[in-house]
Amino acid sequence: MVRGKGIPVSAETTLDVSELRELVADTLDVELSALTDDVLLIEELGVDSVVALELMVTLEQRYGVRIPEEELGTVRRFPDIHVLLNRKAAG
C-alpha cells in the first residue's frame, strides 16, 4: 500500500521499507542497489551535512514527523533511518 505525501506515520501504520529505501536513494542521488543495509551513508556514499539536512526535510514532509538534527546525527546506515522513523511513529 502506497501512502500519499505528508501522511503521518503512526503506530497503526506499517512503514514500507522498500518505499522508504527508494525515497532515501532518490534523495541521496544514489542507485537503489547501492543503498544496502550495510553501507555507511557518510563514509561510503559521501553524504555530507547539506544532503543529510535535505534527507531530514524530505523524511519530515513525507512521513509527517519531526526529526531534530541531533537525532539525524545518529543515523549511519539505512536501517538506522527505518528505526528512527518507527520510533517517531511509536512516540
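Residues numbered from 1 in each chain as written. Predicted model: local features only at pLDDT ≥ 70, side-chain atom pairs only at ≥ 80, totals over all residues. Heavy atoms only, no water.

Looking at an unreviewed UniProt entry, the chain carries the name Polyketide-8 synthase acyl carrier protein, with the source organism given as Streptomyces fungicidicus.

A. Representation of unusual backbone geometry within the structure. Even without glycine at this site, Asp29 takes up a positive phi of about 60 degrees. By the secondary structure assignment, Asp29 is in the loop between helix H1 (17-28) and helix H2 (49-63). The exposure class assigned to Asp29 is exposed, which follows from its relative accessible area of 70%. (Helix = DSSP H or I, 4+ residues; strand = E, 2+ residues; numbered from the N terminus. Buried < 20%, exposed > 50% of the residue type's maximum accessible area, 1.4 Å probe, protein only.)

B. Geometry of the nonpolar core. If you look at the biggest cluster of nonpolar residues, it comprises 22 residues, and the most contacted ones within it are Leu20, Val24, Leu59, Ile81 and Leu85. Within the residue set of this core, elements represented by two or more residues are H1, H2 and helix H4 (78-90). The greatest single-element share of this core, amounting to 5 residues, is contributed by H1. Ile81 has contacts with Leu20, Val24, Leu41, Leu55, Leu59 and Val75, leaving out every residue within four places of it along the chain. (Core = buried A, V, L, I, M, F, W, Y, C linked by side-chain atoms within 4.5 Å. Contact = heavy atoms within 4.5 Å.)

C. Region of the structure containing the environment of Glu60. Within the fold, Glu60 resides in helix H2. Accessibility expressed as a relative area gives 13% for Glu60, which makes it buried. Once residues within four sequence positions are removed from consideration, Glu60 is found in contact with Val65, Arg66 and Ile67.

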